[in-house]
Structure formats: structure tokens, C-alpha cells
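Per-entry structural report
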Amino acid sequence: MWYHKPAINEELLQSLPNLKVVASSGVGIDHLDMKLLSSYGVKVSNTPFVVSTDTADMGMALLLASSRRLVEGHEMAVSPDTEYFPADWLGDSVSGATLGILGMGTIGYKVAERAKAFEMKILYHNRNQRKKEEESAVGAVYCKKIDDLLQQSDFVLLAVNLTPQTHKLIGKRELELMKPTATLINISRGLVVDQDALTEALQNKVIKAAALDVTYPEPLPRDHPLLKLKNVIVTPHIGSATKKTRWVMMEEMAESIEAGLAGLPIPREVL
């Protein structure tokens with residue numbers, strides 16, 4: 001499966017009685033009905049580890065691009081209407097700012113490693129608290145309550161899996177808890193955020209900005225209000241989109257398929 005295609009539904013499973021394995025690209029499996037697949041005896045694999053470094057890089061790229069207004073700056077620099085660069089055109093400092101990471105798995109932790117190099121203060125919320133030595137290595141402070149993280153952070157970065165518990169994790173209430181100067185960065189799944197509430201919060205300056213590599217749907221309708229806001233950066237779900245990583249993803253998917261066909265243990269099987 002690539003970009004969630006083909007759709008694995010009952011009709012497809014019934015038409016493929018000899019299907020042994022579904023190899024899905026990337027980390028998320030929210031597009032798969034695991035109970036349905038299991039009932040047909042079909043095993044599932046994904047490629048969770050290879051995507052983490054590039055996705056963490058993407059998170060920092062979005063943070064930096066938003067804080068320093070790179071997209072707006074580029075448009076100004078190349079515009080045929082620009083006659084001078086205004087002296088009061090300013091962005092926000094990253095060094096010394098507080099980054100709140102929701103989801104401190106492999107990707108979230110790699111973001112923290114990068115943020116440490118930018119001398120950021122790091123808060124995080126996770127289902128399970130990291131080991132003390134892991135926290136110390138990146139200078140991260142655990143927030144048991146999401147509300148505490150939201151209220152203190154200058155940047156809130158989402159790196160959680162999409163589950164029933166994280167569906168619309170960030171809604172109107174959570175956005176109103178954030179600082180009016182804060183930026184929301186999403187590198188997880190679009191449905192982790194209530195998109196209507198986010199649009200309203202950005203329009204009404206409840207928060208300052210958003211940088212999104214994921215939305216719902218993807219792509220957004222061309223007349224969607226998020227696409228018209230200057231305080232929003234949207235990229236086309238390219239967290240893992242480097243030549244090297246995509247090649248390794250393909251190799252891992254092929255490896256899982258070969259193992260499944262040979263009746264061998266499937267590498268990176270999703271249980």
C-alpha cells in the first residue's frame with residue numbers, strides 16, 4: 001500500500017482468497033481495519049523506523065519556516081511589486097523559546113534532540129514518561145497534563161499516532177489554552193486537530209500561526225479557508241519524502257512481502 005491505496009475492504013479481501021500480507025508504507029495504520037484483516041488471516045507490516053529521522057527534520061523545518069516567516073519572505077523577495085524590504089518585518093526567535101511536544105515516541109524524541117541544538121526549552125506529554133536519562137539527554141521536562149504543556153509553550157508540535165484517543169486531540173478548548181503568540185505544528189495526522197476550530201482560532205488570532213504537513217482531506221479543497229491565511233504554512237504530507245528514505249521504505253515493504261509469501265516471520269509485523 002502506498003498513500004493508503006488500494007483500499008483494503010471486505011470486497012477486496014473476498015476477491016483475494018490467497019492474500020497473505022499487506023505491506024503498508026509509513027508508520028500510521030489508522031487507514032487499516034486490523035480486526036477485519038485478522039479475520040481473513042492476513043498479516044500486516046509497516047515501515048515505522050526508517051521514516052523517523054526525516055519526519056523529525058520536517059518538524060524542525062516547519063517550526064523554523066513559520067517562526068522566521070520564510071514563505072512570506074520569499075514571496076516578498078521575488079514579488080515584482082517589491083520596491084524595498086520593510087525594516088519592521090520581523091519573525092520570532094527560536095533560541096530560548098519553549099517547545100511543547102505531544103507524543104514523545106521515536107519521532108518526538110528526535111525532534112527534541114534537534115530542538116536542544118537550537119537551545120530551546122523542551123516540554124513533552126506522552127502516554128508514558130521517558131526514562132530520566134533520556135529526559136536529561138535532551139533537557140526535556142515531562143508534563144503529566146496536556147493543559148500545562150499548552151499553556152507554557154511557544155511552539156506546540158504534534159507527533160502522536162492517530163487513535164480514537166487522539167482523534168481531534170487539539171480542539172477549540174485546547175487552542176484557547178495556548179498562548180496568543182504560539183504556533184501549532186502538525187507532523188502526525190490531520191485528524192489529530194479539529195480543523196474547523198483551528199481555522200477559527202487562526203482567523204481570530206487565538207493563536208499566532210500554524211505549520212501543517214498533514215490535513216484532512218489531503219489535499220484540501222482549493223477554496224479551503226486555511227489556504228488563504230498568511231499565518232499558515234501547508235506542505236503536502238512530505239515528512240518522509242526524501243529519495244533515500246522512500247527507497248528504504250520500498251525495500252522494507254518488499255522484504256515483508258517476500259517473508260509473508262515464504263511463510264517466514266514478517267519483519268516489522270504490526271500485531
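Starting from 1, residues in each chain are numbered consecutively following that chain's sequence as written. The predicted nature of this model means local features are confined to residues of pLDDT at least 70 and side-chain atom pairs, given and counted, to a pLDDT of 80 or more, with totals for whole chains, interfaces and linings taken over all residues. Processing note: side-chain calculations cover all non-hydrogen atoms of the structure and skip hydrogens and water entirely.

Where an unreviewed UniProt entry is consulted, the protein chain appears under the name Glyoxylate reductase/hydroxypyruvate reductase, with the organism given as Dicaeum eximium. Regarding the protein chain, the relevant UniProt record gives this comment under Sequence similarities (unreviewed entry): "Belongs to the D-isomer specific 2-hydroxyacid dehydrogenase family." UniProt positions are given in the numbering used here, feature names are shortened, and annotations may be inferred rather than shown by experiment.

Our next topic: the UniProt feature "domain: D-isomer specific 2-hydroxyacid dehydrogenase NAD-binding" (unreviewed entry) in the protein chain. When the UniProt feature table is mapped to this numbering, "domain: D-isomer specific 2-hydroxyacid dehydrogenase NAD-binding" (unreviewed entry) covers residues 60-239. Starting at the N terminus, helices and strands are each numbered in turn, a helix being any DSSP run of H or I of at least four residues and a strand any DSSP run of E of at least two. Measuring from the first to the last C-alpha atom of residues 60-239 gives 11 Å, for a span that is 32% helix and 16% strand.

Once the domains are mapped, the protein chain shows domain 1 (10-49 + 242-262) and domain 2 (51-81 + 90-234). Accessible surface is computed with a 1.4 Å probe, and the buried area is the amount of it that two parts give up when combined, taken over both parts together. For the pair domain 1 and domain 2, the two sides together bury roughly 670 Å², of which 50% comes from carbon and sulfur. Looking at the side of domain 1 facing domain 2, the largest losses of area belong to Val-27, Asp-30 and Phe-49, adding up to 58% of the total buried there. Salt bridges are identified by distance alone: a Lys or Arg side-chain nitrogen within 4 Å of an Asp or Glu carboxyl oxygen. Its salt-bridge partner being Asp-30, residue Arg-189 comes within 3.2 Å of it at the nearest N-O pair. Each polar contact in these results corresponds to two N or O atoms within 3.5 Å; when the atoms are within protein, one needs to be able to donate a hydrogen and the other to accept it, and residues that are neighboring in sequence are counted only if both atoms are side-chain atoms. Counting across the interface, domain 1 meets domain 2 through 5 residue pairs in polar contact (both at pLDDT 80 or more). Domain start and stop positions are those given by an automatic or database domain assignment.

What follows covers the nonpolar core. Among buried residues, the Ala, Val, Leu, Ile, Met, Phe, Trp, Tyr and Cys ones that are joined through side-chain atoms within 4.5 Å form a nonpolar core. The classification of residues rests on relative accessible area computed with a 1.4 Å probe and restricted to protein chains. Under 20% of the type maximum is buried, over 50% is exposed, and intermediate values are partly exposed. Counting residues in hydrophobic clusters, the biggest one holds 29 residues, and the most contacted among them are Leu-102, Leu-175, Leu-184 and Leu-198. Elements with a minimum of two residues in this core: helix 7 (146-152), strand 6 (155-158), helix 9 (195-203) and strand 8 (209-212). At 4 residues, the largest contribution of residues to this core is made by helix 9. Apart from residues no more than four positions distant in its own chain, Leu-175 is found in contact with Ile-170, Leu-184, Ala-197, Leu-198, Ala-201, Val-206 and Ile-207. Grouped together as the second largest cluster of nonpolar side chains are 28 residues, Met-60, Ala-65, Val-94 and Ile-122 included. By the convention used here, residues are in contact when the closest approach between their heavy atoms is within 4.5 Å.

With that out of the way, let us pick up the sheet that holds strand 3 (residues 98-102). Within a sheet, adjacent strands bond to each other through the backbone by hydrogen bonds, running parallel or antiparallel. Should DSSP find at least two bridges between two strands, the strands are taken to pair. Ordered by their spatial adjacency, 7 strands build an open sheet running 5-4-3-6-7-8-9, and the pairing between neighbours is parallel. Of all the strands in the sheet, the pair left with one neighbour each is strand 5 (140-142) and strand 9 (232-234). Ignoring strand direction, the axes of neighbouring strands in this sheet form an average angle of 15 degrees. Strand direction decides the pairing type here: strand 3 and strand 6, joined by 4 bridges, are parallel. Bridging across to strand 6, Leu-102 finds its partner in Leu-158. Helix axes are fitted only over the stretch in contact, all axes being lines through C-alpha atoms; the angle between N-to-C directions runs from 0 to 180 degrees.

Attention shifts here to the UniProt feature "domain: D-isomer specific 2-hydroxyacid dehydrogenase catalytic" (unreviewed entry) in the protein chain. UniProt records the feature "domain: D-isomer specific 2-hydroxyacid dehydrogenase catalytic" (unreviewed entry) at residues 2-270, using the numbering of this structure. Secondary structure content for residues 2-270 is 36% helix and 13% strand, and the end C-alpha separation is 16 Å.

The volume enclosed by the second largest pocket comes to roughly 420 Å³. With 3 residues, the top contributor of residues to the lining of the second largest pocket is helix 4 (residues 70-78). Looking at the lining of the second largest pocket residue by residue, the classes come out as 10 nonpolar, 5 polar and 7 charged. The way it works is a 1 Å grid over only the protein atoms, where trapped points that fit a 1.4 Å probe form a cavity and open points with protein on both sides within 12 Å along at least five of seven lines form a pocket, and then any residue with an atom within 4 Å of a point lines it. Grid points are joined across faces, edges and corners, and a volume is the space filled by probe spheres set on the points. Each residue is assigned to one of three groups, with Ala, Val, Leu, Ile, Met, Phe, Trp, Tyr, Cys and Pro labelled nonpolar, Asp, Glu, Lys and Arg labelled charged, and all others, Gly among them, labelled polar.

Here the focus is empty space enclosed by the protein. Scanning the model with the defined rule gives 1 cavity of 30 Å³ or more in all. A volume near 40 Å³ is recorded for the largest cavity. If you trace the largest cavity, you find it lined by Asn-186, Gly-190, Val-193, Gln-195, Leu-198, Leu-212 and Val-214. Tallied by class, residues from the lining of the largest cavity come to 4 nonpolar, 3 polar and no charged.

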